[in-house]
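Here is how the chains run, residue by residue.
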Amino acid sequence: MITKIVYEDRDVLVVYKPAGIAVQSARIGEMDVVNEIKNYLAGRMMNPYVAVINRIDQPVHGLVLLAKTKDAAAKLSKQLTENRIQKVYRASVCGSFTDKEGKLSDVVYKDGRSNISKVVKPGEAHYKEGKKSELEYREYAPGKLEIKLLTGRHHQIRVQMANAGHPLLGDMKYKTPESDAETRLNGVKELALCAYALEFKHPVSGEKMSFTVDEELV
């Protein structure tokens, strides 16, 4: 199995998804995290139930939270909607921030036809269709960031970092000549973005649950 199980009980699963595999694919016959976990659970139960709580993009690696019952899915989804599930990402970016800690607040518009998002300003096309997008960042080493999402938008971290002048290394969609050169110089082969930490309350016990990705995988 490509997906690694980090934690499991009767209600929830926390898994580590490597880059390149989709959490849930619309393509028939394509393996993804949900199908892998259903196959894994099928050895122990009939018609296993698997619901995705936090979805991460296919090029991103890191932690994904899954529910194994409808009741757990409803309670965890409520936590997510109320911004009570804490998600921290780690990223490598081009250059270094002057302010080592800060908040980015933008309006982001998603173009469904091109599958690309962009920051739009007042008066620009699609501004009224855009969505407020916010994140907090901390630069813990030159070009190395911890990022806390305050909203969940399409390609949000990638778009906002590129707009701030610091595209993610390995990002082919939102790259600049400078980030492309730094990507090659550092030998980065994939998108340098990891869903690093996850914190939530257990949907049944109410216990605080915290998980992080092994440092050697970041």
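Residues numbered from 1 in each chain as written. Predicted model: local features only at pLDDT ≥ 70, side-chain atom pairs only at ≥ 80, totals over all residues. Heavy atoms only, no water.

### Examining the pattern of salt bridges
Two side chains carrying opposite charge are able to pair once their charged atoms lie near each other.
Move 1: All chains considered together, the criterion is met by 16 salt bridges.
Move 2: The partner of Glu 134 in a salt bridge is Lys 132, and the shortest N-O contact between them spans 3.6 Å.
Move 3: For Glu 134, a relative accessible area of 15% translates into the label buried.
Move 4: In this structure, a network of salt bridges that share partners links the residues Glu 8, Arg 44 and Lys 68. (Salt bridge = Lys/Arg side-chain N within 4 Å of Asp/Glu carboxyl O. Buried < 20%, exposed > 50% of the residue type's maximum accessible area, 1.4 Å probe, protein only.)

### Describing the packing of aromatic side chains
Move 1: Throughout the structure, instances matching the rule amount to three aromatic pairs.
Move 2: With centroids separated by 5.5 Å and ring planes inclined at 45°, the aromatic side chains of Tyr 7 and Phe 211 adopt a geometry described as tilted. Here Tyr 7, found in strand β1 (residues 4–8), pairs with Phe 211, found in strand β11 (residues 208–212); they are 204 residues apart in sequence, far enough to count as distant.
Move 3: Judged by relative accessible area, which is 25%, Tyr 7 ranks as partly exposed.
Move 4: Among the residues examined, Phe 211 registers a relative accessible area of 12% and is labelled buried. (Phe/Tyr/Trp six-rings, centres within 6.5 Å; stacked < 30°, edge-to-face > 60°. Helix = DSSP H or I, 4+ residues; strand = E, 2+ residues; numbered from the N terminus.)

### Describing the pairing of strand β8 (residues 131–141)
Move 1: Where strand β6 (residues 101–111) and β8 come together, eight bridges link them in antiparallel fashion. Note on β8: the bridge partner recorded for Leu 104 is Leu 135.
Move 2: In this structure, β8 lies alongside strand β9 (residues 144–149), joined through six bridges in antiparallel fashion. By the bridge assignment, Glu 136 is partnered in β9 with Lys 148.
Move 3: Counting the residues in the hairpin turn of β8 and β9 gives two residues, including Gly 143, whose phi is positive at 75°. (Pairing = 2+ DSSP bridges.)

### With respect to the side chain of Glu 146
Move 1: Among the structural elements, Glu 146 can be located in strand β9.
Move 2: You can call Glu 146 buried: its relative accessible area is 17%.
Move 3: A distance of 2.9 Å separates polar atoms of two side chains, one belonging to Glu 146 and the other to Arg 90.
Move 4: Here Glu 146 is in contact with Val 88, Tyr 89, Arg 90, Glu 136, Tyr 137, Arg 138, Tyr 140 and Tyr 196, once residues within four sequence places are set aside. (Polar contact = N/O pair within 3.5 Å; in protein donor to acceptor, adjacent residues only side chain to side chain. Contact = heavy atoms within 4.5 Å.)

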